[in-house]
Amino acid sequence: MKGISARARRLPPSTTLKMTQMAREMRAQGKDVISLSIGEPDFRTPQAIIDAGKKALDEGLTHYAPSLGIPELREEIARKMREENKVDVSADNILVTVAKHGIFMASQSIVQHTDEVVLPDPGWVSYSAISIFSGAKRVDLASREEEGFIPTEEDIKEAVNEKTKLFVINTPTNPTGAMYPRKTLKIIADLAEDYDFYVLSDEIYEKLVYRGKHVSIASLGNMHERTVTLNGFSKAYAMTGWRIGWLSGPEDIIQVINKLQQQTITCVPPFIQKAALTALRECAPEIEKMRKEFNRRRIAAIGKIGEMTVMDALKPHGAFYIFPRYHADVNSFDLAEYLLRDYGVAVTPGGAFGVSGEGYIRISYANSMGNIMEGLNRIEKGIGSL
Ligand code: GLU
């Protein structure tokens with residue numbers, strides 16, 4: 001047996017999904033487990049979206065769709081990007097895809113083994129896994145709690161050079177909830193021109209902002225010529241299981257990525273695209289309701305953590321995560337396992353988000369207020385008894 005490829009061997013499992021699966025299995029065994037691990041809204045998908053999906057199924061939209069996406073959805077996304085994000089695009093710049101697969105396809109299309117990719121550290125678990133798969137050299141750009149988890153100008157400059165091909169940003173940020181100010185985005189944009197690299201901007205948490213304003217890097221100067229923006233329906237519209245999002249970028253890159261889409265998943269199912277169209281057209285009030293509820297939980301959870309001695313946390317301004325530093329001499333992976341096993345609460349170990357995340361845990365407040373409060377009680381007790 002010759003075995004699997006070296007790059008497949010190097011690929012780590014997704015810690016966010018692993019922790020959630022462990023919690024699921026414990027629950028199936030009858031154990032009382034609260035999951036504050038995964039970033040998944042606990043709300044139902046708004047009814048209008050479900051109805052639109054059902055209607056499309058009844059109308060027979062159960063065959064292939066165009067690989068780039070159905071024209072009316074691409075038009076609607078382009079309109080949204082122009083009006084809300086101030087990015088100069090048309091439907092030709094849009095590819096409808098599964099959001100996470102979009103990150104994979106964009107990275108594989110832009111970088112190869114001779115290139116360098118700059119990744120946020122701490123940053124979402126799959127950026128590093130995906131870049132490992134491309135064979136490119138990964139450069140971790142640290143952000144520190146003292147700086148509000150925003151990378152400094154000095155560190156950004158240090159991270160790039162002639163070999164930099166792709167710079168990944170994610171604002172609002174998973175796992176810290178930080179939001180990159182315009183100033184930071186401008187620094188990255190200027191360097192992108194100087195060193196001629198692309199930016200992959202993951203804006204999946206765009207609608208979950210509690211303070212300040214989200215800025216799309218593609219709206220700055222000529223950045224739309226070198227930025228691929230990722231967005232999707234999972235987080236804002238409580239549509240994680242529908243698996244739909246989009247890439248917006250320069251037409252030539254979108255065409256290349258479309259080839260990869262054709263050769264892999266073909267297209268996003270058409271009835272799901274119809275449902276997403278309704279989400280964009282009709283569901284602004286519902287998503288605002290969810291955002292308000294997330295905000296209420298954020299304030300309550302931060303308040304509660306503030307009263308604890310076992311950990312402390314910066315107030316996040318976006319997404320639905322809190323990233324507290326804990327006060328115990330144990331690594332974050334062991335701590336997460338111990339909290340789940342002995343205290344029935346799942347969190348994501350900070351170390352899974354990169355070396356700068358070690359010493360932290362990620363708590364998702366995309367759960368009911370009752371579960372968040374009880375989960376925090378368990379974390380407090382667990383860390384307190386170490
Ligand atoms: N992005 C979410 C998280 O960080 C969902 C799981 C995943 O795709 O990693 O929890």
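Keep in mind that what you see is a predicted model, and the values were worked out from it rather than measured.

**Student:** Hey, could you run me through the overall build of the protein chain in this one?
**Tutor:** Assigned secondary structure in the protein chain consists of 13 helices and 14 strands. The C-alpha atoms of the protein chain give a radius of gyration of 20 Å, which matches the 21 Å a tight globule of 386 residues would have. Principal-axis analysis of the C-alpha atoms places the extent of the protein chain at approximately 55 × 55 × 55 Å. When contacts within the protein chain are restricted to residue pairs at least 6 apart in sequence, those whose partners lie at least 24 apart make up 74%. Carbon together with sulfur atoms contributes 50% to the accessible area of the protein chain, which is approximately 16700 Å² in total. Charged side chains in the protein chain number 48 positive and 49 negative. The centres of these two groups are separated by 4 Å.

**Student:** Teacher, can you tell me more about the site of the ligand here?
**Tutor:** Residues in contact with the ligand, as listed here, are T16, L17, I38, G39, K100, W124, N174, Y205, K235, Y321 and R362. Within the side chain of R362, one N or O atom sits 2.8 Å away from an oxygen atom of the ligand. Classifying every residue of the shell around the ligand gives five nonpolar, three polar and three charged.

**Student:** Sorry if this is basic, but what is going on with the pairing of strand β8 (residues 245-248) here?
**Tutor:** Consecutive side chains of a regular strand alternate in pointing toward one face of the sheet and then the other. Side chains G245 and L247 project from β8 onto one buried face, and the interleaved W246 and S248 project onto a second face that is buried too. Pairing analysis gives four bridges linking strand β2 (residues 94-97) to β8, with the strands arranged antiparallel. From the neighbouring strand, T97 faces β8, where its bridge partner is G245. Two strands pair when backbone bridges link them, and strand β7 (residues 227-232) and β8 are joined in this way by four bridges, in the antiparallel orientation. Considered in β8, the bridge of L230 is made with L247.

**Student:** In this structure, what is going on with a negative patch on the surface? I would like to understand it.
**Tutor:** A surface patch of like charges, here negative, comprises E75, D92, E251 and D252. We classify D252 as exposed; its relative accessible area is 51%.

**Student:** Even after reading the chapter, I still don't get the sheet that holds strand β10 (residues 321-322), so can you show me in this structure?
**Tutor:** The strands that make up a sheet pair up through hydrogen bonds in the backbone, lying either parallel or antiparallel. Here we have three strands laid out as an open sheet, ordered β10-β14-β13, and antiparallel in their pairing. Since the sheet does not close on itself, it has two edges, and those belong to β10 and β13 (348-349), each with one partner. The pairing of β13 with strand β14 (residues 361-364) spans two bridges and is classified as antiparallel. Bridge pairing in β14 places T348 opposite R362.

**Student:** Got a minute to help me understand the packing of aromatic side chains in this structure?
**Tutor:** In this structure the tally under the stated criterion is 15 aromatic pairs. Relative to Y360, the ring of F149 lies with its centre 5.8 Å away and its plane at 70°, an arrangement referred to as edge-to-face. In this pair, F149 sits in the loop between β4 (137-142) and α7 (153-159) while Y360 sits in the loop between β13 and β14, placing the two residues 211 residues apart along the sequence. Here the aromatic rings of F167 and F197 are separated by 5.7 Å at their centres, their planes lie at 20°, and the arrangement is stacked. Here F167 is found in strand β5 (residues 164-170), whereas its partner F197 is found in the loop between α8 (182-195) and β6 (198-202), with 30 residues between them in sequence. Exposure remark for F167: the relative accessible area of 1% places this residue in the buried category. Chaining the aromatic ring pairs together yields one cluster made of F43, Y205, F294, F320 and Y321.

**Student:** Can you walk me through the pattern of salt bridges in this structure?
**Tutor:** One pass over the full model with this rule turns up 25 salt bridges. A salt bridge links E76 to R79; the shortest N-O distance between them is 2.6 Å. Of the two residues, E76 and R79 both sit in helix α4 (residues 71-83), three residues apart, roughly one turn of that helix. For R79, a relative accessible area of 27% corresponds to the partly exposed category.

**Student:** Honestly, the nonpolar core in this entry has me stumped. Any pointers?
**Tutor:** A general tendency of soluble globular proteins is for nonpolar side chains to be buried together. With 123 residues, the main nonpolar core has F167, Y237, I244, M311 and I379 as its most contacted residues. Apart from the residues within four sequence positions on either side, F167 is in contact with V118, L141, I156, V160, I188, F197, Y198, V199 and L200.

**Student:** Help me understand the pairing of β4 in this model?
**Tutor:** Inspection of the sheet shows strand β3 (residues 116-121) paired to β4 by six bridges, in the parallel sense. Bridged to E116 within β4 is K137. Read from β3 through helix α6 (residues 125-134) to β4, the crossover connection turns out right-handed.

**Student:** Looking at this model, I keep getting lost on the packing of helix α12 (residues 332-343) against helix α13 (residues 369-384). Mind explaining?
**Tutor:** Remark: α12 packs on α13, axes separated minimally by 10 Å, with the N-to-C direction vectors making an angle of 110°. Taken together, the axes of α12 and α13 are roughly perpendicular relative to one another. The way α12 lies across α13 gives a crossing that is right-handed. Judged by residue contacts, L335, Y338, L339 and Y343 of α12 engage R378, I379, K381, G382 and I383 from α13. Residue classes in the contact of α12 with α13 are distributed as six nonpolar, one polar and two charged.

**Student:** I keep staring at the sheet that holds β6 and nothing clicks. Help me out?
**Tutor:** Taken in spatial order, the seven strands of this open sheet run β2-β8-β7-β6-β5-β3-β4, and their pairing is mixed. This sheet does not close on itself; its edge strands, each paired only once, are β2 and β4. Neighbour-to-neighbour, the strand axes of the sheet open up by a mean angle of 20°, direction not taken into account. Here α4 sits on the sheet and contacts β2, β7 and β8; the angle it forms with β2, its principal contact strand, is near 115°.

Cut-offs and rules
Residues numbered from 1 in each chain as written. Predicted model: local features only at pLDDT ≥ 70, side-chain atom pairs only at ≥ 80, totals over all residues. Heavy atoms only, no water. Helix = DSSP H or I, 4+ residues; strand = E, 2+ residues; numbered from the N terminus. Rg over C-alpha atoms; globule rule 2.2 N^0.38 Å. Contact = heavy atoms within 4.5 Å. Areas by Shrake-Rupley, 256 points an atom, 1.4 Å probe, with all protein chains shown as cover. Lys, Arg positive; Asp, Glu negative; His and termini not counted. Charge placed at Lys NZ, Arg CZ, Asp CG, Glu CD. Near = heavy atom within 4 Å. Polar contact = N/O pair within 3.5 Å; in protein donor to acceptor, adjacent residues only side chain to side chain. Nonpolar A, V, L, I, M, F, W, Y, C, P; charged D, E, K, R; others polar. Buried < 20%, exposed > 50% of the residue type's maximum accessible area, 1.4 Å probe, protein only. Pairing = 2+ DSSP bridges. Patch = residues over 30% accessible without salt bridge, like charges linked within 9 Å, V, L, I, M, F, W, Y side chains within 5 Å. Salt bridge = Lys/Arg side-chain N within 4 Å of Asp/Glu carboxyl O. Phe/Tyr/Trp six-rings, centres within 6.5 Å; stacked < 30°, edge-to-face > 60°. Core = buried A, V, L, I, M, F, W, Y, C linked by side-chain atoms within 4.5 Å. Right-handed = clockwise from strand over helix to strand, strands pointing away. Axes fitted to C-alpha atoms, helices over the stretch in contact; angles between N-to-C directions. Parallel < 35°, antiparallel > 145°, perpendicular 65-115°, else oblique. Left-handed = near helix turned anticlockwise from the far one by under 90°.

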